[in-house]
Amino acid sequence: MSRAWYPFLSRASRSDTGINQVWNLTTRLVAKENTEDSPYLIPNEWICGNLATFLRLPVPPCALMRRNTRSKGMFASLDFSPGDTPPPDLQPDICAQRLPRLSTGVLLFDILIANSDRHSGNLRVDRASAPTELRIFDHDRALFGSFARNGEQRLNQLRQRLGVSGGTMTGGNRHCLLDHITTESHLDHWIGRIGEIPESFIRDVCNEVVGLGITQPLADRAVEFLNYRRLHLAEIIHDNRDEFRSIRDWRLFT
Amino acid sequence: MKSPPRYLIAKYVPDVRRMEPVNIGVILWNHGRTATRFLPVEEAVGLVNEEATYSRWLDFWNGLLDQATIKPARGAAVPKEDAAFVDALLKMQEGNYLLTDGGLLTDKLPSKQIAAAADHLYKQLVSRKDSRPATPREQGVKLKFMSDRLFDETGLSQRKDFKKSLPVPCKVGKVQASFKFNYAVMNGTLGSVFHRVQLGVGQSVNSAAFMFEHVQQANLLKKERCAAIVRAGDGEDGIGGETAVTLEMLRSFATVINVADHEQAADLISQVAGNGVH
């Protein structure tokens, strides 16, 4: 995938360095915490962010942060534009046309995590009319969703569903790229890559957030959910072929 | 009952930690019709940190207002005729770029007068006529922005023979010098050169005159293929005194293109570029 650069705000030399040039950099992080409205925010962001990183999708590097051992934890990710905030001016059709492979990757990743909240506000491009770079963020409504005590139910309900169509069962909004992927040529690649995510990796990232909004049994359910979907992604897409409205000529599943 | 005309104020926050917003535009809604006035990008130089991002926000907001509905990230699309349109629009802000509720106009607003009303609000709330004079650096950035835009609009910047920051080797006395021109047309041989000149900065004027004179003395280009790009007379004072003298001096070495006169500047750029003829 393409290299992503992150600007820093300032740098200072370190006095304790030897031969190599080592710097203390100042940059900016965006941090969020669990709230009543979004009680699964940290586990959702952490698990999905790490899965996206594994797939080399353009998510900002992230960390779990807290001031001290007694304070509440937060999910933090590097701010990829510490300068002025660009507008949410993504045009999904142009994005899918100019960056077809990456756009397909984002869509299939969102299907894996059942992200029912992908819109032009949480995808960013460098230029709306001719994007060359794409960044993705905000996965706080994927996986366990955002309703309190509804995490397990959501996983059960969406296990075999597309999870991104904005339908009555999934809720949320229709994935902004779903109607604009015009070719199936990159589906196979991403189905393969997602299928290769090790179960041990999924288990580790899920276990890392036990106690930060989810219990161990719920983490185990998430492992099972993700593991099932990564292995049955082709089948899930096949069952929902009609939702890919711009792909006219299916060859992948014939 | 019809909702009264309502307006929003667009604001820019240079540093979100300090939160000191500056008004940059107004959006007036009147029963499905809208009128906007934003600080032009060239006027925002020195105010915003990134002109390109500012320009994207203006395009984004204007683009939303060109549509018949606004589709929020979550929820149903809101038609422009609906009074809730303004509420949906209010959500289209982020980070340094804010939209705030300005208020309601208590008087009836005939649809023909919406533009005039937007002008009035803009003058009252946004216009920077009384602001401090731009620094030379800000003037330079403005001139660059307006020049770049002209080359884009005339289509010259898309041509394969168009170059930016082109070093031109040229003999000065016994020395082989290299003059860097801001823009040039070159396809094997040098076709024309354009250089931005800040009229209020003596060094900028003198070095441009020196460069133009020497490329002509070296028979690299004729005078009509050399252009000095300036910005003059777009304030209330017009062109006079020292500026007029400087312009006259530049005219002895080059075609003077004044970006303040947009149409004439575009014509002159095409003329000096020679429309692809070398």
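Residues numbered from 1 in each chain as written. Chains lettered and ligands numbered in written order. Predicted model: local features only at pLDDT ≥ 70, side-chain atom pairs only at ≥ 80, totals over all residues. Heavy atoms only, no water.

1. A closer look at the sheet that holds strand E8 (residues 175-187) of chain B
Residues and elements named next belong to chain B. One open sheet accounts for five strands, arranged E7-E8-E9-E10-E11; its pairing is mixed. Strands with a single pairing partner mark the edges of an open sheet, and in this sheet they are strand E7 (162-172) and strand E11 (255-258). Strand-to-strand twist in this sheet, taken as the mean axis angle between neighbours without regard to direction, amounts to 40 degrees. Pairing analysis gives ten bridges linking E7 to E8, with the strands arranged antiparallel. (Pairing = 2+ DSSP bridges. Helix = DSSP H or I, 4+ residues; strand = E, 2+ residues; numbered from the N terminus. Axes fitted to C-alpha atoms, helices over the stretch in contact; angles between N-to-C directions.)

2. Let's talk about the pairing of strand E1 (residues 6-12) of chain B
Residues and elements named next belong to chain B. Extensive coverage of E1 is indicated by the burial of seven of its seven residues. Residues Arg6, Leu8, Ala10 and Tyr12 line one face of E1 and the alternating positions Tyr7, Ile9 and Lys11 line the opposite face, and both faces are buried. Here E1 pairs with strand E2 (residues 22-30) via seven bridges, running antiparallel. Looking at the pairing, Arg6 lines up with Trp29 of E2. (Buried < 20%, exposed > 50% of the residue type's maximum accessible area, 1.4 Å probe, protein only.)

3. Considerations on the interface of chain B and chain A
Between chain B and chain A, the residue contacts involve 13 residues of the former and 15 residues of the latter. Buried area between chain B and chain A, summed over both chains or domains, comes out near 1,300 Å², and the portion from carbon and sulfur atoms is 44%. Three residues, B:Arg56, B:Arg74 and B:Glu94, lead the burial of chain B against chain A; their summed loss comes to 46% of the area buried on that side. Scanning the region where chain B abuts chain A turns up two salt bridges. Across the salt bridge formed by B:Glu94 and A:Arg124, the nearest N and O atoms sit 2.8 Å from each other. Here chain B and chain A share ten residue pairs in polar contact (both at pLDDT 80 or more) between them. (Contact = heavy atoms within 4.5 Å. Buried area = accessible area lost by both parts, 1.4 Å probe. Salt bridge = Lys/Arg side-chain N within 4 Å of Asp/Glu carboxyl O. Polar contact = N/O pair within 3.5 Å; in protein donor to acceptor, adjacent residues only side chain to side chain.)

4. Overview of the side chain of A:Ser77
Residues and elements named next belong to chain A. Relative to the elements of secondary structure, Ser77 occurs in strand E5 (residues 74-78). The buried category is assigned to Ser77, whose relative accessible area is 12%. Sequence-distant contacts of Ser77, defined by excluding residues within four places in its chain, comprise Arg28, Leu29, Val30, Pro60, Pro61 and Cys62.

5. Focus: the packing of helix H4 (residues 151-158) of chain A against helix H7 (residues 216-231) of chain A
Residues and elements named next belong to chain A. Orientation of H4 relative to H7, taken along the N-to-C sense of each, is 20 degrees, at an axis distance of 10 Å. Here H4 lies roughly parallel to H7, going by the angle between them. Remark: the crossing between H4 and H7 carries left-handed chirality. Within the contact between the two elements, H4 uses Gly151, Glu152, Leu155, Asn156 and Leu158 and H7 uses Leu218, Arg221, Ala222, Phe225 and Arg229. Looking at side-chain class alone, the contact of H4 with H7 contains five nonpolar, two polar and three charged residues. (Parallel < 35°, antiparallel > 145°, perpendicular 65-115°, else oblique. Left-handed = near helix turned anticlockwise from the far one by under 90°. Nonpolar A, V, L, I, M, F, W, Y, C, P; charged D, E, K, R; others polar.)

6. With respect to the packing of aromatic side chains
Applying the stated criterion to the full structure yields 17 aromatic pairs over all chains. Members of the aromatic cluster, each reached through a chain of ring pairs, are B:Tyr12, B:Phe38, B:Tyr54, B:Trp57, B:Phe60, B:Trp61 and B:Tyr97. The side chain of A:Arg11 reaches across the aromatic face of A:Trp23, ending 3.7 Å from its centre. The side chain of A:Arg135 reaches across the aromatic face of A:Tyr6, ending 5.0 Å from its centre. (Phe/Tyr/Trp six-rings, centres within 6.5 Å; stacked < 30°, edge-to-face > 60°. Lys NZ or Arg CZ within 6 Å of the ring centre and 35° of its normal.)

7. Brief notes about the nonpolar core
Within the largest apolar cluster, 62 residues are counted, with the highest numbers of intra-cluster contacts made by A:Leu108, A:Ile111 and A:Leu226. The residues contacting A:Leu226, other than those within four sequence positions of it, are A:Ile47, A:Leu51, A:Leu112, A:Ile113, A:Leu143, A:Ile202 and A:Cys206. In terms of nonpolar packing, the next biggest core, distinct from the first, is built from 42 residues, B:Tyr12, B:Ala35, B:Met92 and B:Val126 among them. (Core = buried A, V, L, I, M, F, W, Y, C linked by side-chain atoms within 4.5 Å.)

8. Describing the side chain of B:Lys11
Residue and element names in this part refer to chain B. Residue position: Lys11 is located in strand E1. In terms of polar contacts, Lys11 uses its side chain to reach the side chain of Asn23, at 2.9 Å. In contact with Lys11, other than residues within four places in its own chain, are Pro21, Val22, Asn23, Ile24, Asn96, Tyr97, Leu98 and Thr100.

9. Some words on the pattern of salt bridges
Overall, the coordinates contain 31 salt bridges over all chains when judged by the stated rule. In this structure, the salt-bridge partner of A:Glu133 is A:Arg135, at a minimum N-O distance of 3.7 Å. Residues B:Asp119 and B:Arg37 are paired through a salt bridge, measuring 2.5 Å at the closest nitrogen-oxygen approach. Placement of B:Asp119 in helix H4 (residues 114-125) and of B:Arg37 in strand E3 (residues 33-38) is noted, with a sequence separation of 82 residues between them. The exposure class of B:Asp119 is partly exposed, given its relative accessible area of 34%. Through salt bridges with shared partners, one network takes in A:Lys32, A:Glu45, A:Asp138 and A:Asp140.

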